[in-house]
Amino acid sequence: MRMSALIDDLLMLAKVSRQELKVRDIGLSSLVEDVLKEFKSETSEREIEWQVGSLPFIKCDYGLMRQVLINLLSNAIKLHSEPGAHGH
């Protein structure tokens, strides 16, 4: 399963590297909120408390930054659910 996820990530990276970056000012707070909404159904029956501090506006490609956050939070959720995982 991990190998499949790695292959998917590599394919995504190859696809992204052929696209032109669309850099603009992005508010990370609203982007994080939107990404967390995507995980709501997946995490609704679990005790996960998301603590998001104040985040800046940055110049980035919205789609790429969104994908980074999805991957990061998805990994955090998976690690949290594995037996022996520590913390919340």
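As the structure is a computational prediction, the values presented were derived from the model and not from experiment.

J.: Could you clarify how one ought to interpret the overall build of the chain in this entry?
T.: Within the chain one finds 4 helices and 2 strands. Its helices and strands taken in sequence order, the chain reads α-β-α-α-β-α from the N to the C terminus. Evaluated residue by residue, the chain yields a buried proportion of 20% over its 88 residues. Long-range pairs, those at least 24 residues apart, make up 87% of the contacts in the chain with a sequence separation of at least 6. Carbon together with sulfur atoms contributes 58% to the accessible area of the chain, which is approximately 7200 Å² in total.

J.: Would you explain the environment of Leu 31 in this entry?
T.: Mapping Leu 31 onto the fold places it in helix α2 (residues 28-38). Taking C-alpha positions, Leu 31 is 8.6 Å from Met 65, a pair spaced 34 residues apart along the chain. With residues up to four places along the chain from it excluded, the contact list for Leu 31 reads Ile 26, Tyr 62, Met 65, Arg 66 and Leu 69.

J.: Help me understand the nonpolar core in this model?
T.: General note: in soluble globular proteins, nonpolar side chains tend to be found buried as a group. Membership of the largest hydrophobic core comes to 13 residues, with the highest contact counts inside it found for Leu 31, Val 35, Phe 39, Leu 69 and Leu 73. Breaking this core down by element, the ones donating at least two residues are α2 and α4 (62-81). If you tally residues by element for this core, the top one is α2, at 5 residues. Excluding residues that lie within four positions of it along the chain, Phe 39 makes contacts with Ile 70, Leu 73, Ser 74 and Ile 77.

J.: What exactly am I supposed to notice about a nonpolar patch on the surface here?
T.: On the surface, a nonpolar cluster with roughly 620 Å² of combined accessible area is contributed by Met 3, Leu 6, Ile 7, Leu 10, Leu 11 and Leu 13. Secondary-structure assignment places Leu 13 in helix α1 (residues 2-17).

J.: Honestly, the pattern of salt bridges in this entry has me stumped. Any pointers?
T.: Opposite charge on two side chains permits them to pair, given that their charged atoms come into close proximity. Enumeration according to the criterion identifies 2 salt bridges in this entry. When the shortest N-O distance is used, the salt bridge between Lys 59 and Asp 25 registers 3.1 Å. Separated by 34 residues along the polypeptide, Lys 59 in strand β2 (residues 57-61) and Asp 25 in strand β1 (residues 23-27) bring together distant segments of the chain. With a shortest N-O distance of 2.1 Å, Arg 66 and Glu 38 are connected by a salt bridge. Of this pair, Arg 66 sits in helix α4 while Glu 38 sits in helix α2, and the two are 28 residues apart along the sequence. Here Glu 38 falls in the partly exposed class, since its relative accessible area comes to 41%.

J.: Before we go on, may I ask you to explain α2 in this structure?
T.: Counting along an α-helix, one turn takes 3.6 residues, and residues three or four places apart therefore face a common direction. Among the residues of α2, Leu 28, Leu 31, Val 32, Val 35 and Leu 36 are the ones counted as buried. One face of α2 carries all of its buried residues, which in axial projection span an arc of 135°.

Each value, and the rule that gives it
- Residues numbered from 1 in each chain as written.
- Predicted model: local features only at pLDDT ≥ 70, side-chain atom pairs only at ≥ 80, totals over all residues.
- Heavy atoms only, no water.
- Helix = DSSP H or I, 4+ residues; strand = E, 2+ residues; numbered from the N terminus.
- Buried < 20%, exposed > 50% of the residue type's maximum accessible area, 1.4 Å probe, protein only.
- Contact = heavy atoms within 4.5 Å.
- Areas by Shrake-Rupley, 256 points an atom, 1.4 Å probe, with all protein chains shown as cover.
- Core = buried A, V, L, I, M, F, W, Y, C linked by side-chain atoms within 4.5 Å.
- Patch = residues over 30% accessible without salt bridge, like charges linked within 9 Å, V, L, I, M, F, W, Y side chains within 5 Å.
- Salt bridge = Lys/Arg side-chain N within 4 Å of Asp/Glu carboxyl O.
- Arc of directions from axis to C-beta.

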